[in-house]
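Per-entry structural report
Here are the chains, one letter per residue:
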2 protein chains.
Amino acid sequence: MTNNTKDNGVPTLADVANYANVSTATVSRCLNSPERVGGNTRKRVMKAVRDLGYAPNFGAQALAARQTNTVAAVIPTMENAVFARGLQAFQEELGRHGKTLLVASSAYNAELEEQQVRALVARGADGILLIGYDRTPEIYEFLAKQKVPTLIAWSFNPEEPRPAVGFNNRAAMADLARQVIGQGHENIACISAPTASNDRARERVEGIRDAKAKAGQDPKNLTVIETPYGIETGETAFRQVMTNAPQTTAIMCVNDVLAVGALRAAREMGMKVPNDISVTGFDDIEIATLAEPPLTTVHVPHREMGRCAADMLIQILKGDLIGHNLELATEIRIRQSLGPAPH
Amino acid sequence: MTNNTKDNGVPTLADVANYANVSTATVSRCLNSPERVGGNTRKRVMKAVRDLGYAPNFGAQALAARQTNTVAAVIPTMENAVFARGLQAFQEELGRHGKTLLVASSAYNAELEEQQVRALVARGADGILLIGYDRTPEIYEFLAKQKVPTLIAWSFNPEEPRPAVGFNNRAAMADLARQVIGQGHENIACISAPTASNDRARERVEGIRDAKAKAGQDPKNLTVIETPYGIETGETAFRQVMTNAPQTTAIMCVNDVLAVGALRAAREMGMKVPNDISVTGFDDIEIATLAEPPLTTVHVPHREMGRCAADMLIQILKGDLIGHNLELATEIRIRQSLGPAPH
DNA sequence: TTAAAAAATGTAAGCGCTTACATTCAGCTC
DNA sequence: GAGCTGAATGTAAGCGCTTACATTTTTTAA
């Protein structure tokens, strides 16, 4: 009984086969389709696997099987709790299906995103998850050429042909704006993330305009400040709003983090929320309930979205469900940061 | 001139070689160490690569080169901002060095962690980042057997031989406890995460005992409630403390999230912080400053830790820096949640 | 001019796994 | 008990790339 091991390290399939006295094919079958192997043999092989501490070589497996069982995700940043949550659920669900997650972040930068997408595809990702629709056609072309199934998350637009799982950012924000307007606010301002390559932010801002128009207000008459993500930037933006448009009585922010910044700036400026000014957020992450006062915001089912994204991507990889879209529902969460307009 | 292509799709190295009239070796060299190839040949090959739209096959590359340029991390959960931050920095730094990140989470569950480690190693991780020292010897043995370089983060213990980048959880918590004791507190309670397989939590609790002993208090006389991670669980734990040990005047939590829960419970019970009771946290994440009142806590340089972890792991992969440890400094952040003991 | 050294390129042997196809061997049927 | 069937297992051919080593070509030096 000869031994294939070069005795120099990690056990290979051949070592296991040898140890268990079977062929490599049998070991491979044991691992990949156990039902095709006899009970005794299977036990013997599994013991060998354990005894030797065998783990399949990824490269070899990928090469021979022509797939990596690896799925990639490019998100703006994990430091945004919204994506951390979604990604967590995404990974859990992938894990449940035997897939692993490759991650990279774009820092809300389109160019960086493109780089990351290329890198991840080069790393053999079988499929990829991207946030929002906005990106250069080059990336989409590259992905198509490489035949890498792609799923969009966090955005949902029935008119877009790409598979997506998300929610209607525009309608959700419009709903919230309706509430704000319902409280008598006419001078609304918006603190937004840069909208240039971020359809989510853009749609949310448009949602406010929609609601204004519907309520007979001039949709053009909306102060919008764009600023990067962060509590501090939210503070600065708030001050800017109060300087540029002191008549403002409600500030709608496109996410909770900016809103918390606004809240903080308001306090520092001695303004009472919601008596002097109302503030709203978007996402409903933990800090929304922790803030003083608690934030009125739009609740987004991030975890569910992550889970669904994983399921959909897996379906797509299997070849089913091509071009399917899934819209999730959001929900307005009214809390103390929204009050009637002062007069 | 024969052609190797099976004409069924993606071009291979052989196709490029063929097209450019050189050997596969030359093409490979062109791509991996261009300086070893003549100028003319190089140009011809690069043109072929472009003309054919060639991209290397990941599996084959990994198999032949015996490395994937992929690094894995298993963290408890990305929903904990602490790990999200660290991981983000970790990924950024890896990216800067051309490595990609494979992620999985253990949900603070040792068994799950073991599974994930195996899965990631099977996915070809060249190295792996793990949180804390505590885990079964099996995992360490497996990792050793598979020769996968491993780095521990978030813990630092000079007596442990494994490469690690972290901070002294025990000393940091002892420092904070000293501050608490300095405020006259004698009846301290601790809300901890389960310590069974979490050396970070265990060490932090011990840190409190150390400080008590040093201050002449009985280290045994410390109410400790263990509870899973979460704001709600922190609330429940707080109530439990006040039931079991109503004489308590300071509650030290092993992380900020539990502390925020405690704060909330205190408010619900009509207790003033810090007048009636003091509360402290650990980590100094965003919610620490957002809480009402802001939390006294231990600031941990999560991002720096993530960045350093990436650097160290890369060094280790290169073969340098075997068995090195790196200790980072923490810092006490005194805020309003800590006050003098009531009398 | 020519031998030796250096540079450029080619040859081909793997890397460890999957899988189509071949073989073996019970358990049946007649 | 011959012949057949199907389950269990084995054999071996790749998968596409890297790289040690061999070979050819160019440069250098005497």
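Residues numbered from 1 in each chain as written. Chains lettered and ligands numbered in written order. Predicted model: local features only at pLDDT ≥ 70, side-chain atom pairs only at ≥ 80, totals over all residues. Heavy atoms only, no water.

In the annotation of an unreviewed UniProt entry, the entry for chain A reads Transcriptional regulator, LacI family, and the organism field reads Shimia sagamensis.

Once that is clear, we can look at the protein's contact with DNA strand C. Not every one of the 25 residues close to DNA strand C is listed here, only the nearest: Leu-13, Ser-28 and Tyr-54 of chain A together with Thr-26 and Thr-41 of chain B. Sugar and phosphate atoms form 63% of the subset of DNA strand C atoms that lie within 4 Å of the protein. Within the backbone of Ala-60 of chain A, a nitrogen or oxygen atom sits 3.5 Å from a base nitrogen of DNA strand C. Contact distances for DNA strand C include 2.7 Å between a phosphate oxygen and a backbone N or O atom of Gly-38 of chain B. Broken down by secondary-structure element, the contributors of at least two residues to the surface near DNA strand C are α2 (24-32) and α4 (58-65) of chain A together with α2 (24-32) and α4 (58-65) of chain B. Sort the elements by how many residues they give to the surface near DNA strand C and α2 of chain B lands first, with four residues. When the residues that make up the surface near DNA strand C are grouped by side-chain class, the tally is 11 nonpolar, 11 polar and three charged. (Near = heavy atom within 4 Å. Polar contact = N/O pair within 3.5 Å; in protein donor to acceptor, adjacent residues only side chain to side chain. Helix = DSSP H or I, 4+ residues; strand = E, 2+ residues; numbered from the N terminus. Nonpolar A, V, L, I, M, F, W, Y, C, P; charged D, E, K, R; others polar.)

Residues and elements named next belong to chain B. Among the structural elements, Arg-135 can be located in the loop between β3 (127-131) and α7 (137-145). Judged by relative accessible area, which is 12%, Arg-135 ranks as buried. Separated by 2.7 Å, the side chain of Arg-135 and the backbone oxygen of Gly-132 make a polar contact. At 2.9 Å, the side chain of Arg-135 and the side chain of Tyr-140 are in polar contact. (Buried < 20%, exposed > 50% of the residue type's maximum accessible area, 1.4 Å probe, protein only.)

Here we come to the sheet that holds strand β9 (residues 278-280) of chain A. Within a sheet, adjacent strands bond to each other through the backbone by hydrogen bonds, running parallel or antiparallel. Residues and elements named next belong to chain A. What the four strands build is an open sheet, ordered β7-β6-β8-β9; its pairing is parallel. Strands with a single pairing partner mark the edges of an open sheet, and in this sheet they are β7 (223-226) and β9. Going across the sheet, the axis of each strand differs from the next one's by a mean of 15°, ignoring polarity. Relative to β7, strand β6 (residues 188-192) runs parallel, the two being bridged by four bridges. When the sheet's bridge partners are listed, Ser-192 is paired in β7 with Glu-226. Its contacts with the sheet put helix α8 (residues 169-182) on β6, β8 (250-253) and β9, and the angle it makes with β8 is roughly 170°. Each of β6, β8 and β9 touches helix α11 (residues 256-268); the most contacted strand, β9, lies at about 160° to it. (Pairing = 2+ DSSP bridges. Axes fitted to C-alpha atoms, helices over the stretch in contact; angles between N-to-C directions. Contact = heavy atoms within 4.5 Å.)

Once that is clear, we can look at the relation of the copies chain B and chain A. Least-squares fitting of chain B to chain A yields an RMSD of 1.4 Å, with the superposition described by an axial translation of 0.9 Å and a rotation of 180°. On the angle and the small slide along the axis, the relation comes out as a two-fold axis. Of every C-alpha in chain B, the one belonging to Leu-102 of chain B sits nearest the axis of rotation, 1.9 Å from it. Most of the interface of chain B is mirrored in chain A: 93% of its interface residues are interface residues there too. (Least-squares fit on C-alpha atoms with pLDDT ≥ 70 in both.)

At a minimum axis distance of 7 Å, the contact between α4 of chain A and α4 of chain B shows a crossing angle of 145°. Note that α4 of chain A runs across α4 of chain B; the crossing there is left-handed. In contact with Phe-58, Gly-59, Ala-60, Ala-62 and Leu-63 of chain A of α4 of chain A, α4 of chain B contributes Phe-58, Gly-59, Ala-60, Ala-62 and Leu-63 of chain B. Here the contact of α4 of chain A with α4 of chain B is built from residues that sort into eight nonpolar, two polar and no charged. (Left-handed = near helix turned anticlockwise from the far one by under 90°.)

Quick look at the sheet that holds strand β7 (residues 223-226) of chain B now. All names here are of chain B. Strand order in the open sheet formed by four strands is β7-β6-β8-β9, and the pairing between neighbours is parallel. On the outer flanks of this sheet lie β7 and β9 (278-280), each paired with one strand and no other. Within this sheet the neighbouring strands show an average axis-to-axis angle of 15°, counted without direction. Both strand β6 (residues 188-192) and strand β8 (residues 250-253) contribute to a ladder of four bridges, which runs parallel. Across the sheet, residue Cys-190 finds its bridge partner in β8, namely Met-252. Packing of helix α9 (residues 199-214) onto the sheet brings it into contact with β6, β7 and β8, and relative to β6 it is tilted by some 170°.

Contacts between the two partners involve 45 residues from chain B, matched on the other side by 52 residues from chain A. Three residues stand out in chain B for area buried against chain A, namely Glu-79, Arg-123 and Leu-290 of chain B, and they jointly supply 18% of the buried area on that side. The interface formed by chain B and chain A includes four salt bridges. Here Glu-79 of chain B ties to Arg-303 of chain A by a salt bridge, and the two come within 2.7 Å at their closest N and O atoms. Inspection of the region where chain B meets chain A yields 22 residue pairs in polar contact (both at pLDDT 80 or more). Counting only elements with at least two residues in the side of chain B that touches chain A, the list comes to α4, α5 (81-96), β2 (100-105), α6 (110-122), α7, α11 (256-268) and α12 (286-290) of chain B. Considering every element that reaches the side of chain B that touches chain A, the biggest residue donor is β2 of chain B, with six residues. Counted by class, the side of chain B that touches chain A contains 19 nonpolar, 15 polar and 11 charged residues. Two strands pair when backbone bridges link them, and strand β2 (residues 100-105) of chain A and β2 of chain B are joined in this way by three bridges, in the antiparallel orientation. (Buried area = accessible area lost by both parts, 1.4 Å probe. Salt bridge = Lys/Arg side-chain N within 4 Å of Asp/Glu carboxyl O.)

Moving on to the pattern of salt bridges. Inspection of every chain in the model, using the stated rule, returns 30 salt bridges over all chains. Here Lys-47 of chain A ties to Asp-51 of chain A by a salt bridge, and the two come within 2.6 Å at their closest N and O atoms. Residue Lys-47 of chain A and its partner Asp-51 of chain A are both found in helix α3 (residues 39-52); the two are separated by four residues, about one turn of the helix. Overall, Lys-47 of chain A belongs to the partly exposed group, its relative accessible area being 45%. Residue classification places Asp-51 of chain A among the partly exposed residues on the basis of a relative accessible area of 30%. Between Arg-239 of chain B and Glu-268 of chain B there is a salt bridge, with the nearest N and O atoms lying 2.5 Å from each other.

In this section: unusual backbone geometry. Residue and element names in this part refer to chain A. Here the residue pair Val-273 and Pro-274 is connected by a cis peptide bond, since its omega of 10° sits within 30 degrees of zero. Here Pro-274 lies in the loop between α11 and β9. Positive phi, normally seen in glycine, also occurs at Asp-283, with a value near 125°. Note that Asp-283 resides in the loop between β9 and α12 (286-290).

So, about the UniProt feature "domain: HTH lacI-type" (unreviewed entry) in chain A. Sequence positions flagged by UniProt for "domain: HTH lacI-type" (unreviewed entry) are, in local numbering, residues 11-65 of chain A. Spanning residues 11-65 of chain A, this segment combines 71% helix with 0% strand, and its end C-alpha atoms are found 20 Å apart. (UniProt positions renumbered as here; feature names shortened; annotations may be inferred.)

As a further point, take the protein's contact with DNA strand D. Around DNA strand D lies a shell of 27 residues, among which Thr-26 and Thr-41 of chain A together with Leu-13, Ser-28 and Tyr-54 of chain B are the nearest. When the atoms of DNA strand D within 4 Å of the protein are grouped by moiety, sugar and phosphate amount to 63% of the total. At 2.8 Å, a backbone N or O of Ser-23 of chain A approaches a phosphate oxygen of DNA strand D. A distance of 2.6 Å is found between a phosphate oxygen of DNA strand D and a side-chain nitrogen or oxygen belonging to Ser-28 of chain B. At the level of elements, α2 and α4 of chain A together with α2 and α4 of chain B are the ones that each hand at least two residues to the surface near DNA strand D. When residues of the surface near DNA strand D are assigned to their parent elements, the largest contribution, five residues, is made by α4 of chain B.

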